[in-house]
Amino acid sequence: MKIDIFRNPNPAEKPGDESKLGFGRVFTDHMFLMDWDKGRGWHDARIVPFENLSIHPASTALHYGSEIFEGLKAYREVTGQVCLFRPDENFARMNRSAARMALPQLDEEFAVRALKELVKLDEDWVPHGEGTSLYIRPFMIGDDEHLGVHGVSHVRFIIILSPSGSYYAQGIDPVDIMIEDEDVRAVRGGTGEAKCGGNYGASVRAGDRAEEKGYAQVLWLDGVERKYIEEVGSMNIMFKIDGKICTPALNGSILPGITRKSILALLRSEGTEVEERRISLDELMTAAQNGKLEEAWGCGTAAVVSPVGHLAYQDQVFEISGGKIGPTTQYLYDTLTGIQWGRLPDKFGWVVPVE
Ligand SMILES: *Cc1c(COP(=O)(O)O)cnc(C)c1O
């Protein structure tokens, strides 16, 4: 499919002070769009000036949560080359999310090509500072213009770009996390393993309550027994218990993170054993009480690796690794960001230049 390019006649001024970028508040000059109609498939692939969408008030996405998204980053490597990290994985996951939400499949190779075209056009928006990046948000919405509940026959796929500041501008500060025992994020058979907006809509309340108590995010338990560890708000979770690294197995309600997958591949390639299994709250609490919970970290595209300093459950609070980043967490952060920014060799072929 051909991509039509309509250049923005009024390009915006690039943000002067990269330290003030924050996350997801500034957008570039262009966006990618294409439409899908039942019986016709995807059509009208185009890059257009960034602007508000015009949407019918009865649009499916607005009423029935017919929405999925992805999140990845473009980095300016030490050589100046702009690169993506495993973009094929994002579009493969988007297709799995689409299947769950009865949205149409993308041509994954075409989606990567469209993304590269867009990033190339807005390449000057990729920030330069240490740790900064261009955050990429592909998303798909069902957009039928009537209120009946049914499979969609009109869909839009869009990619927007947002230059973002360093997640760790003040250095890697461990986060404090609260185990949520009331609300649940997902259940097997539901949409937990799909990256869809609805999962987030349902989790905001618990996040707000945690924040009121001084915690950065919640750690979710399984939705059936509330006995097993699942994941953090927007990150997967890993632990080092008594010298062994473990993470909850993908069970149908956990989002299969690409950072998670990359860490597992990295550790296993080095001969380090990693267990993917059920981890019960009991096991975690006992390990924490006995001083065997050596490290805990979240992993996801935004922060890459985020050490957990304190873990709270009801009225118990445990300090992990002295409230500081532990050696395994630091090693994983340095290695993954080293590969992403071109400071370390990319022996897995994960880094994709935008050219
Ligand atoms: C996106 C996401 C993650 C992390 O996935 P990455 O591909 O590593 O960025 C983890 N949990 C949830 C709920 C997510 O939405």
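About the criteria used
Residues numbered from 1 in each chain as written. Predicted model: local features only at pLDDT ≥ 70, side-chain atom pairs only at ≥ 80, totals over all residues. Heavy atoms only, no water. Core = buried A, V, L, I, M, F, W, Y, C linked by side-chain atoms within 4.5 Å. Buried < 20%, exposed > 50% of the residue type's maximum accessible area, 1.4 Å probe, protein only. Contact = heavy atoms within 4.5 Å. Disulfide = S-S within 2.5 Å. Salt bridge = Lys/Arg side-chain N within 4 Å of Asp/Glu carboxyl O. Helix = DSSP H or I, 4+ residues; strand = E, 2+ residues; numbered from the N terminus. Pairing = 2+ DSSP bridges. Phe/Tyr/Trp six-rings, centres within 6.5 Å; stacked < 30°, edge-to-face > 60°. Lys NZ or Arg CZ within 6 Å of the ring centre and 35° of its normal. Expected span 1.5 Å × (residues − 1). Polar contact = N/O pair within 3.5 Å; in protein donor to acceptor, adjacent residues only side chain to side chain. Near = heavy atom within 4 Å. Areas by Shrake-Rupley, 256 points an atom, 1.4 Å probe, with all protein chains shown as cover. Nonpolar A, V, L, I, M, F, W, Y, C, P; charged D, E, K, R; others polar. Axes fitted to C-alpha atoms, helices over the stretch in contact; angles between N-to-C directions. Parallel < 35°, antiparallel > 145°, perpendicular 65-115°, else oblique. Left-handed = near helix turned anticlockwise from the far one by under 90°.

Some words on the nonpolar core
Counting 47 residues, the largest nonpolar core has I179, L219, I229, F239, I263, L293 and L311 as the members making the most contacts within it. If sequence neighbours within four positions are ignored, I263 has contacts with M238, W297, C299, V305, L332 and L336. With 38 residues, the next largest nonpolar core counts F32, I47, A74 and V112 among its residues.

Topic: the state of the cysteines
Think of a disulfide as a covalent bridge from one cysteine sulfur atom to another cysteine sulfur atom. Within the structure shown, the criterion is met by zero disulfides. C196 carries a free sulfur, and the closest cysteine sulfur to it, the one in C299, is 20 Å from it. You can call C196 buried: its relative accessible area is 3%.

What about the pattern of salt bridges?
Summed over all chains, the structure comprises 19 salt bridges. Residues D183 and R205 are paired through a salt bridge, measuring 2.7 Å at the closest nitrogen-oxygen approach. You can see D183 sitting in the loop between β9 (175-180) and α4 (197-201) and its partner R205 sitting in helix α5 (residues 204-212), a full 22 residues away along the chain. For E231, the salt bridge identified is with R185, shortest N-O distance 2.9 Å.

Let's talk about the pairing of strand β8 (residues 154-164)
Along any regular strand, the residues point their side chains to alternate faces of the sheet. Burial of β8 is extensive: eleven of the eleven residues sit out of reach of the surface. Neither face of β8 is left uncovered, since the one carrying H154, R156, I158, I160, S162 and S164 and the one carrying V155, F157, I159, L161 and P163 both have all their residues buried. Summarising the sheet, strand β2 (residues 30-37) and β8 pair through six bridges and their orientation is antiparallel. Across the sheet, M34 pairs through a bridge with F157, a residue of β8.

So, the pairing of strand β15 (residues 293-300)
Within β15, seven of the eight residues are buried, which leaves it mostly tucked inside the rest of the structure. Looking at chain direction, strand β12 (residues 236-241) and β15 are connected through six bridges and run antiparallel. The residue bridging K240 from the neighbouring strand is E295, located in β15. Note: β15 against strand β16 (residues 304-313), four bridges, orientation antiparallel. Across the sheet, W297 pairs through a bridge with P307, a residue of β16. With antiparallel pairing between neighbouring strands as the criterion, β15 and β16 make up a hairpin whose turn holds three residues.

A short note on the side chain of S306
Assignment of secondary structure puts S306 in strand β16. Not counting residues within four places of it along the chain, the set of residues in contact with S306 comprises Y168, V175, M235, A296, W297 and G298.

Structural notes on the packing of aromatic side chains
According to the stated counting rule, one finds twelve aromatic pairs in the structure shown. Judged by centre distance (4.9 Å) and plane angle (70°), the rings of F23 and Y135 are edge-to-face. On the criterion of sequence distance, the pair formed by F23 in the loop between β1 (4-5) and β2 and Y135 in strand β7 (residues 133-142) is long-range, its members being 112 residues apart. Measuring from centroid to centroid gives 5.2 Å for Y167 and Y168, while their planes differ by 75°, and the two rings are edge-to-face. Y167 gets classed as partly exposed once you look at its relative accessible area, which sits at 45%. Here a set of aromatic residues connected by ring pairs shows up, and it is made of F32, W42, F91, F110 and F157. Over the ring of Y228 we find R278, and its NZ or CZ is 4.0 Å from the ring centre.

Some details on helix α3 (residues 108-121)
Under the 1.5 Å per step criterion, the end-to-end length of α3 is 20 Å for 14 residues, consistent within 8% with the ideal 20 Å. Every buried residue of α3 is listed here: F110, A111, V112, A114, L115, L118 and V119. Two to three positions downstream of the cap, the backbone nitrogen of E109 sits 3.1 Å from a side-chain oxygen, assigning the N-cap of α3 to D107.

Considering the site of the ligand
The environment of the ligand is formed by 15 residues, the closest being K195, Y200, E231, T259 and T301. At 2.8 Å, a side-chain N or O of R93 approaches an oxygen atom of the ligand. A distance of 2.8 Å separates an oxygen atom of the ligand from a polar backbone atom of I258. For the ligand, the protein covers 97% of the area, taking 380 Å² as the surface of the free molecule. In terms of residue class, the shell around the ligand is built from four nonpolar, seven polar and four charged.

With respect to the packing of helix α2 (residues 87-100) against α3
The interhelical angle for the contact between α2 and α3, taken along N-to-C directions, is 130°, at an axis separation of 9 Å. Classified by the interaxial angle, the pair formed by α2 and α3 is oblique. As for the relative orientation of α2 and α3, their crossing is right-handed in sense. Together, P87, D88, F91, A92 and N95 of α2 and E108, A111, V112 and L115 of α3 make up the contact between the two elements. A breakdown of the residues in the contact of α2 with α3 according to their chemical character gives six nonpolar, one polar and two charged.

Purely geometric stuff here, so don't read any function into it on its own.
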